[in-house]
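Given next are the chains, with one letter for each unit.
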Amino acid sequence: MKALITGITGFAGSHLAEYLLSRGDVEVSGSYRLRSRMDHIKHLSNQLTLVECELKDSHSVNQLIKENRPDLIFHLAAQSFVPTSWNSPSDTLMNNTVSQVNIFEAVRKYEIDCKIQIACSSEEYGLVYPEETPIKETNPLRPLSPYAVSKVTQDYMGYQYYQSYGLKVVRTRTFNHTGPRRGESFVTSNFAKQIAQIELGIMQPTLYVGNLEAKRDFTDVRDVVKAYWLALEKGDPGDIYNISSGKAFAINEMLQTLLSFSDVKIDIEVDPERLRPSDVEILLGDSSKFHAKTGWAPEIPFEQTMADLLHYWREQ
Ligand code: GDD
């Protein structure tokens, strides 16, 4: 079985590569860009095939798909940070939508018989009313950021290519996920890194935050990548599945959990630059459809994920 991971050098991509290699029955390849940092996959490099490819360029993608001929594609590469999408909306839209259409077109052109998982997002739900939680796949999509719109487009493009051409696309709407290697801009890592730096005396004991009221449903990335495998092994092509823990924490509760692992005294200060033009207030997912289809359930408790994340930043 040959698997191709786009975005293999990234956070989820590197964990997925580790998981697939640990299974022993999958040959793993991945695409990266010239400017990609390789530190997350350095320890795996002799077990992987890495191919340089700019996914926005259809010619490069055609070469990648023609030569690799994968059985499974995990399409994780994306501009995935919500605030960046307000600063560079066109770049986010281009990057996330054009890359995916290039992959789909290459699979059609070379008639590759493969299954494709696409990383859609709970951000697509956007504005959610309290009575709509926990959110099911049938909830209306009311995106609140250019990033969310790019993910709605990816999601519907997956649906359309399945209906129009029979491409075996499985859409996963993943809620927030974190764990070791999470990029430092994302809230869990950002706070954990600040705590680690304050402990070392590199930073004054003031931790900067944005909106602490928002609620998010966090799953450990190591559980999420198992879900991606199951999505292709057992999920129905054309269908859509939430991947979530079913528990939501206010960002402040997440912060208090991280702080409970540290002995230093830390002040909290709101940095207005961290507030968004519109923030998604609550994301709390219902993943019972995916559980019924695949048997998947998250295994790593939230506190363990947070402890591992802080440990990761202390080691950097
Ligand atoms: N990044 C960041 N930094 N967020 C902060 C901060 C801060 O200092 N303080 C509060 N927050 C709040 C944000 O306003 C948001 O409500 C929440 O923390 C989570 O922010 P992020 O970690 O940046 O993630 P996100 O929820 O916007 O998006 C993530 O989850 C999506 C799935 O729901 C990303 O991983 C997306 O790529 C993913 O699709």
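First things first, this report covers the structure right here in the doc.

Reading guide: rules and limits
- Residues numbered from 1 in each chain as written.
- Predicted model: local features only at pLDDT ≥ 70, side-chain atom pairs only at ≥ 80, totals over all residues.
- Heavy atoms only, no water.
- Helix = DSSP H or I, 4+ residues; strand = E, 2+ residues; numbered from the N terminus.
- Rg over C-alpha atoms; globule rule 2.2 N^0.38 Å.
- Areas by Shrake-Rupley, 256 points an atom, 1.4 Å probe, with all protein chains shown as cover.
- Near = heavy atom within 4 Å.
- Polar contact = N/O pair within 3.5 Å; in protein donor to acceptor, adjacent residues only side chain to side chain.
- Nonpolar A, V, L, I, M, F, W, Y, C, P; charged D, E, K, R; others polar.
- Core = buried A, V, L, I, M, F, W, Y, C linked by side-chain atoms within 4.5 Å.
- Buried < 20%, exposed > 50% of the residue type's maximum accessible area, 1.4 Å probe, protein only.
- Contact = heavy atoms within 4.5 Å.

Concerning the overall build of the protein chain
Point 1. In terms of helices and strands, the protein chain carries 10 helices and 13 strands.
Point 2. Rg of the C-alpha trace for the protein chain: 19 Å, near the compact-globule value of 20 Å for 316 residues, within the 12% margin.
Point 3. Each of the three principal axes of the protein chain carries a C-alpha extent, and together these read 60 × 45 × 40 Å.
Point 4. Entry remark: accessible area of the protein chain is about 14000 Å², with carbon and sulfur atoms responsible for 49%.

Focus on the site of the ligand
Point 1. Contacts to the ligand come from 25 residues, most closely from S80, S121, S122, Y147 and R276.
Point 2. Note that an oxygen atom of the ligand is positioned 2.6 Å from one of the side-chain N or O atoms of S121.
Point 3. Separating an oxygen atom of the ligand from a side-chain N or O atom of N176 is a distance of 2.9 Å.
Point 4. In the complex, 96% of the free accessible area of the ligand, which totals 720 Å², lies under the protein chains.
Point 5. Partitioned by chemical class, the residues of the shell around the ligand number 11 nonpolar, eight polar and six charged.

Digging into the nonpolar core
Point 1. With 33 residues, the main nonpolar core has I5, L20, V28 and F74 as its most contacted residues.
Point 2. Here L20 is in contact with A3, I5, V26, V28, F74 and W229, once residues within four sequence places are set aside.
Point 3. The next biggest cluster of nonpolar side chains, apart from the first, holds 23 residues, and it includes A196, A214, M254 and L258.

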